[in-house]
Structures are given as C-alpha cells and as structure tokens.
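Chain by chain, the residues run as shown.
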Amino acid sequence: MSLLTQAERTHLLKPLLQNGWELVVGRDALYKKFMYQDFNQAFGFMTRVALKADKMDHHPEWFNVYNRVQITLSTHDCEGLSAKDVELASFCDACHSSVPESSASS
C-alpha cells in the first residue's frame, strides 16, 4: 500500500473535505465526528463500518460515547493516507447518510 500522490490527494480528498472530514494537524490522517440520536444508532453505524473495515483489512481508530462516534483514518503500513482511507471514509459517509436526517448529523 502506498501513500496518496499529490494529484490523488487533490482529486480524492476534496469531496471528503467538503463533506466534513478534516485533515489531522501534525499527522497524515483524516478525522470526522458523527452524531446520532442515541447509542443504538451510533453502535449500528460502528457495526456496519467494522464489517467493511474487516473485509478491507483496514481498521479505523475510533472513539464512541453514547451517540457520538469519532473516527480517524490513516494507513499504518505506509504511515499516512492511502486509497484505503479514502474508500473507508466514503463508506462511513454512505452509512451515515442512510440514517434519517432528523436522527443524525455530522
């Protein structure tokens, strides 16, 4: 697995950054906080992401308290952002958007 090139960063990260992902200061990583109506919704989201991450063999760093899920993505093998991070971030966004808007926010 290799780091994203500058051209890939410009092309692939732009939609993620426009959708609420942030670049982590001092580290080549992406971060986003997802909010849900309750713990059940948050845990459901985490379960879907966990199944995808396991299939990808790419596991997020995350933190959960009640209705909040915070995710940091970086590829440890290449010590920075790779295509796997982009794929998993996009999957997280898709899972999150499948929850009714009145129940979830980012």
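See the structure shown above.
Residues numbered from 1 in each chain as written. Predicted model: local features only at pLDDT ≥ 70, side-chain atom pairs only at ≥ 80, totals over all residues. Heavy atoms only, no water.

Engineer: If you had to explain the pairing of strand β4 (residues 68-73) to someone new, which residues and values would you point to?
Structural biologist: Alignment of strand β2 (residues 30-35) against β4, held across six bridges, turns out to be antiparallel. Across the sheet, Lys 33 pairs through a bridge with Gln 70, a residue of β4. In the sheet, strand β3 (residues 61-65) pairs with β4 via five bridges, with the strands oriented antiparallel. What sits directly across from Asn 64, in β4, is Val 69. Joining the antiparallel neighbours β3 and β4 is a turn of two residues, in which Tyr 66 adopts a positive phi near 45°. (Pairing = 2+ DSSP bridges. Helix = DSSP H or I, 4+ residues; strand = E, 2+ residues; numbered from the N terminus.)

Engineer: Got a sec to walk through the packing of helix α2 (residues 39-56) against helix α3 (residues 83-97)? Specific residues and values, please.
Structural biologist: Two numbers describe how α2 lies on α3: the axes approach to 10 Å, and their chain directions differ by 155°. Considering the angle they form, α2 stands roughly antiparallel to α3. Read as a crossing pair, α2 and α3 show a hand that is right-handed. Mapping the contact onto sequence places Phe 45, Arg 48, Val 49, Lys 52, Ala 53 and Met 56 in α2 and Lys 84, Glu 87, Leu 88, Phe 91, Cys 92, Ala 94, Cys 95 and His 96 in α3. Counted by class, the contact of α2 with α3 contains nine nonpolar, one polar and four charged residues. (Axes fitted to C-alpha atoms, helices over the stretch in contact; angles between N-to-C directions. Parallel < 35°, antiparallel > 145°, perpendicular 65-115°, else oblique. Left-handed = near helix turned anticlockwise from the far one by under 90°. Contact = heavy atoms within 4.5 Å. Nonpolar A, V, L, I, M, F, W, Y, C, P; charged D, E, K, R; others polar.)

Engineer: Please provide a residue-by-residue account of the packing of aromatic side chains, values included.
Structural biologist: Under the defined criterion, the tally for this structure stands at four aromatic pairs. Geometrically, the ring pair formed by Tyr 36 and Phe 45 is tilted, given 5.3 Å between the ring centres and 35° between the ring planes. Across the pair, exposure class does not vary: Tyr 36 and Phe 45 are buried alike. Among the aromatic residues, those joined into a ring-pair cluster are Trp 21, Phe 34, Tyr 36 and Phe 45. (Phe/Tyr/Trp six-rings, centres within 6.5 Å; stacked < 30°, edge-to-face > 60°. Buried < 20%, exposed > 50% of the residue type's maximum accessible area, 1.4 Å probe, protein only.)

Engineer: Tell me about a nonpolar patch on the surface, and please be specific about residues and values.
Structural biologist: On the surface, Phe 39, Phe 43, Phe 63, Val 65 and Tyr 66 cluster together into a nonpolar patch covering about 500 Å² of accessible area. For the nonpolar patch, the elements supplying multiple residues, two or more each, are α2 and β3. Within the fold, Phe 39 resides in helix α2. (Patch = residues over 30% accessible without salt bridge, like charges linked within 9 Å, V, L, I, M, F, W, Y side chains within 5 Å. Areas by Shrake-Rupley, 256 points an atom, 1.4 Å probe, with all protein chains shown as cover. Salt bridge = Lys/Arg side-chain N within 4 Å of Asp/Glu carboxyl O.)

Engineer: Report on α3, specifying residues and quantitative values.
Structural biologist: The terminal C-alpha atoms of α3 lie 21 Å apart, and with 15 residues this matches the ideal 21 Å at 1.5 Å per residue to within 8%. Taken residue by residue, α3 has Asp 85, Val 86, Leu 88, Ala 89, Cys 92, Asp 93, Cys 95 and His 96 as its buried positions. On its buried side, α3 packs onto α1 (6-18), β2, α2 and β4. (Expected span 1.5 Å × (residues − 1).)

Engineer: Which residues make up the sheet that holds β3, and what values go with them?
Structural biologist: Within the open sheet, the four strands sit side by side as β1-β2-β4-β3. Their pairing is antiparallel. The outermost strands of the open sheet, each flanked by one partner alone, are β1 (22-23) and β3. Against the sheet, α2 makes contact with β2, β3 and β4, and its axis sits at roughly 165° relative to β3, the strand it touches most.

Engineer: How would you sum up the pattern of salt bridges? Please name residues and give values.
Structural biologist: Applying the stated criterion to the full structure yields four salt bridges. The partner of Asp 93 in a salt bridge is Lys 32, with the nearest N and O atoms 2.7 Å apart. Here the residue Asp 93 occupies a position in helix α3, and Lys 32 occupies one in strand β2, the gap between them amounting to 61 residues. Comparing Asp 93 with Lys 32 shows no difference in burial state: the two are buried.

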